[in-house]
Amino acid sequence: RRGLMQGSGGVINREENPNKSYIDTIKCSNLAGVFDRDGHEEKVAFSMGRHFVAVTGETGSAKSLLLSKLTDIVSGGKATASLVPKERGTATVEMSMCIVEPHLSWVQKVLTEVGLQKLLEIDGVGRLSVERVLERGTRLSSTTKINDVVVTMKIVRQVVAPLVVVVDTPRAAASLGRPQSRL
């Protein structure tokens, strides 16, 4: 059983039948402060897959900051107008995840509770995609979709936020240095 299967929210590689849920991709376009080497606004895509280990680059080049901010924005975190370049007007952040048990049952239950269609499962894998578009006008507004259906931020926080945890490594290391922080 090889090849790709089109599912709700994306493509699932049947050869990789994961035994753990994972973030497959995180993408952004027109996000303020994200530039290429020539200073032009750039689209950024992290194709992680289940074997993702690290993002590498120069020290202080904001790798962790970028990933944590993108994840925060797409999982219902606060967005500010400063994230959207004035000359562009909109910025987009997208994330896709492959969901397996035990997360899959929980996601299916929450989607049903909030009135959304369950994920299409292929070989026990569900695909969840989230997109948030930030629009800069007289004030910042945003539109968020889960698997191409427009949803409220409350629903995003119910469905997506519990699945994503961003670990701030310096803060975690400092915390582990305190005896009261250890189990």
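Residues numbered from 1 in each chain as written. Predicted model: local features only at pLDDT ≥ 70, side-chain atom pairs only at ≥ 80, totals over all residues. Heavy atoms only, no water.

*Asks:* Quick question: what am I supposed to make of helix 2 (residues 103–113) here?
*Replies:* Within the span of helix 2, buried status applies to Leu104, Val107, Gln108, Val110 and Leu111. Down the axis of helix 2, the smallest arc covering the buried residues is 165 degrees, so these residues share one side. In helix 2, those exposed residues whose orientation departs by more than 90 degrees from the buried face are Lys109 and Glu113. Looking at the buried positions of helix 2, the neighbouring elements they touch are strand 5 (90–99), strand 6 (121–122), strand 7 (125–136), strand 8 (140–146) and helix 3 (153–159). A positive backbone phi angle near 85 degrees is found at glycine 115, which sits one or two residues after helix 2. (Buried < 20%, exposed > 50% of the residue type's maximum accessible area, 1.4 Å probe, protein only. Helix = DSSP H or I, 4+ residues; strand = E, 2+ residues; numbered from the N terminus. Arc of directions from axis to C-beta. Contact = heavy atoms within 4.5 Å.)

*Asks:* Even after reading the chapter, I still don't get the pairing of strand 3 (residues 22–29), so can you show me in this structure?
*Replies:* When a strand is regular, its side chains alternate between the sheet's two faces. For strand 3, the buried fraction is high: six of the eight residues fall into the buried class. The sheet contact formed by strand 3 and strand 5 spans seven bridges and is antiparallel. Residue pairing across strands places threonine 25 opposite serine 96, the latter belonging to strand 5. (Pairing = 2+ DSSP bridges.)

*Asks:* What should I look at first to understand the pairing of strand 8 in this one?
*Replies:* Two elements, strand 7 and strand 8, share seven bridges in a ladder whose sense is antiparallel. Bridged to glutamate 135 within strand 8 is serine 141. In this structure, the hairpin formed by strand 7 and strand 8 is closed by a connection of three residues. Where strand 8 meets strand 9 (residues 149–151), three bridges bridge the pair, whose relative direction is antiparallel. By the bridge assignment, threonine 144 is partnered in strand 9 with valine 151. Where strand 8 folds back onto strand 9 in an antiparallel hairpin, the turn is made up of two residues, including asparagine 147, whose phi is positive at roughly 45 degrees.

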